[in-house]
Amino acid sequence: MQAPDDFDPPIGVAETLAPGLRRIVAPNPSPMTYRGTNTYLLGTDEIAVIDPGPEIDAHLESILAAVGPGARISHILVTHTHLDHSPLSRALSERTGAPIWGYGDTHAGRSAVMRRLAATGMLGGGESPDLAFRPDHLIADGDVIEGADWQLTALWTPGHYGNHLCFRFGDAVLTGDLVMGWATSLVSPPDGDLTDFMASCEKLQALGARVFFPGHGAPVTEPQARLDWLLDHRRGREAQILSALAEQADTAEGLARRIYTDTPPALLPAATRNVLAHLIDLVGKNAVSPIGELAADARFERVGQG
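Computed from a predicted structure; not experimentally measured.

(A) How the structure looks around the packing of helix 6 (residues 252-259) against helix 7 (residues 268-284). Close contact between helix 6 and helix 7 brings their axes to 8 Å; oriented N to C, the two are set at 115°. When the axes of helix 6 and helix 7 are compared, the pair comes out roughly perpendicular. You can see that helix 6 and helix 7 cross each other, and the crossing is right-handed. Contacts between helix 6 and helix 7 pair Ala-252, Glu-253, Leu-255, Ala-256 and Arg-257 from the former with Leu-268, Ala-271, Thr-272, Val-275, Leu-276 and Leu-279 from the latter. The residue makeup of the contact of helix 6 with helix 7, split by class, is eight nonpolar, one polar and two charged.

Structure (structure tokens):
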């Protein structure tokens, strides 16, 4: 994780970020959510709510209060099905009649590798999934979703989560938890897939967007530089893991303790899951190998050093 920026918005208040776009921060701060989940309201008459957030009554009322006279919520869109992003979609839909849009249920979009590993039951993971999520409308990569005064293009961007979507409008992108300014994204198998994460970041690079509006934290005003940093950061972490394994075989947890030396103890489990994601990616590249079965607590070695 990175040091936090100076993002300190009022909680539960709709703030205008761009013409037609407002943000309400949910009251769910934590080491993994920063100040809270960013819920976005796009449009003036027919409003799309992107990432309603966690199931908190006060946040539901904040969203409804922000709609305004003569306007209505027409769409509810979800970037991915972590518990801090999607559960409030159900209550919001019941209150407004607006349908819920998403890529699929909580297991949709997993890579073949992750589906296979998840089936073994030896990988662990599955942090904070919204198992009850069922969209009324499925969104595919490239789909265009429209309201009276807005248009979004959906981008399937797995990596942080298999069913993760970003939404492009104009020269901006709502990036969910794929790209944030305050921290790197957690990639925790089997929901997270580092191979997919790198490809999704490269997909966003090709868009040449002016600004990213993330699921947590402040807008990312230099998106290309941020993406370059994220990709370089992951490549650097890979090099650290390979270097550490050149010294001795180790588990994901052992490697995390050796590499994430400045990370608070409370965040070491998340760091361990990130290391596991790298190890699975490196197994796919035939650069490392588990000693025995591939599992969350397996020991890994460099290929050719066993």
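After that view of the structure, there is still more to cover.
(B) Here's a closer look at the nonpolar core. Counting residues in each nonpolar core, the largest one holds 24 residues, and the members touching the most others are Ile-241, Leu-255, Val-275, Leu-279 and Phe-300. If you tally residues by element for this core, the top one is helix 7, at seven residues. Core analysis: the next-biggest nonpolar cluster, separate from the first, contains 20 residues, Leu-21, Ile-139, Ala-154 and Leu-165 among them.

(C) A look at helix 4 (residues 194-205). Here helix 4 is twelve residues long and its end C-alpha atoms lie 17 Å apart, about the 16 Å a rise of 1.5 Å per residue gives. Within helix 4, the full set of buried residues consists of Leu-194, Phe-197, Met-198, Ser-200, Cys-201 and Leu-204. Considered in projection along helix 4, the buried side chains sweep an arc of 165° and stay on one side of the axis. Contacts from the buried residues of helix 4 go to strand 9 (151-156), strand 10 (165-169), strand 11 (172-176), strand 12 (211-214), helix 5 (223-247) and helix 7. For helix 4, the side-chain oxygen to backbone nitrogen distance between the N-cap and Thr-195 is 3.0 Å, and the N-cap itself is Asp-193.

(D) Molecular detail of unusual backbone geometry. In this chain, Pro-189 is followed by Pro-190 through a cis amide linkage whose omega measures 0°. Checked against the element boundaries, Pro-190 lands in the loop between strand 11 and helix 4. Of note, Ser-128 is a non-glycine position whose phi angle comes to about 55°, a positive value. Classification of Ser-128 by relative accessible area gives partly exposed; the value is 42%. Phi is positive for Asn-286, which is not a glycine, with a value near 60°.

(E) Highlighting the layout of surface pockets. Counted as a void, the largest pocket has a volume near 310 Å³. Met-32, His-82, Asp-84, His-160 and Leu-186 are, among the 19 residues lining the largest pocket, the residues nearest its centre. Along the lines of polarity and charge, the residues of the lining of the largest pocket split into eight nonpolar, seven polar and four charged. Its volume calculated, the second largest pocket comes out at about 270 Å³. Lining the second largest pocket are 18 residues, and of these Val-113, Arg-116, Leu-117, Ile-280 and Leu-294 lie nearest its centre. At the level of secondary structure, the elements contributing two or more residues to the lining of the second largest pocket comprise helix 3 (112-120), helix 4 and helix 7.

What counts, and where the lines are drawn
- Residues numbered from 1 in each chain as written.
- Predicted model: local features only at pLDDT ≥ 70, side-chain atom pairs only at ≥ 80, totals over all residues.
- Heavy atoms only, no water.
- Axes fitted to C-alpha atoms, helices over the stretch in contact; angles between N-to-C directions.
- Helix = DSSP H or I, 4+ residues; strand = E, 2+ residues; numbered from the N terminus.
- Parallel < 35°, antiparallel > 145°, perpendicular 65-115°, else oblique.
- Left-handed = near helix turned anticlockwise from the far one by under 90°.
- Contact = heavy atoms within 4.5 Å.
- Nonpolar A, V, L, I, M, F, W, Y, C, P; charged D, E, K, R; others polar.
- Core = buried A, V, L, I, M, F, W, Y, C linked by side-chain atoms within 4.5 Å.
- Buried < 20%, exposed > 50% of the residue type's maximum accessible area, 1.4 Å probe, protein only.
- Expected span 1.5 Å × (residues − 1).
- Arc of directions from axis to C-beta.
- Polar contact = N/O pair within 3.5 Å; in protein donor to acceptor, adjacent residues only side chain to side chain.
- 1 Å grid on protein atoms, 1.4 Å probe; cavity = no way out; pocket = protein on both sides within 12 Å on 5 of 7 lines; lining within 4 Å.
- Points joined across faces, edges and corners; volume = space filled by probe spheres on them.

Read these as geometric descriptors, not functional statements.
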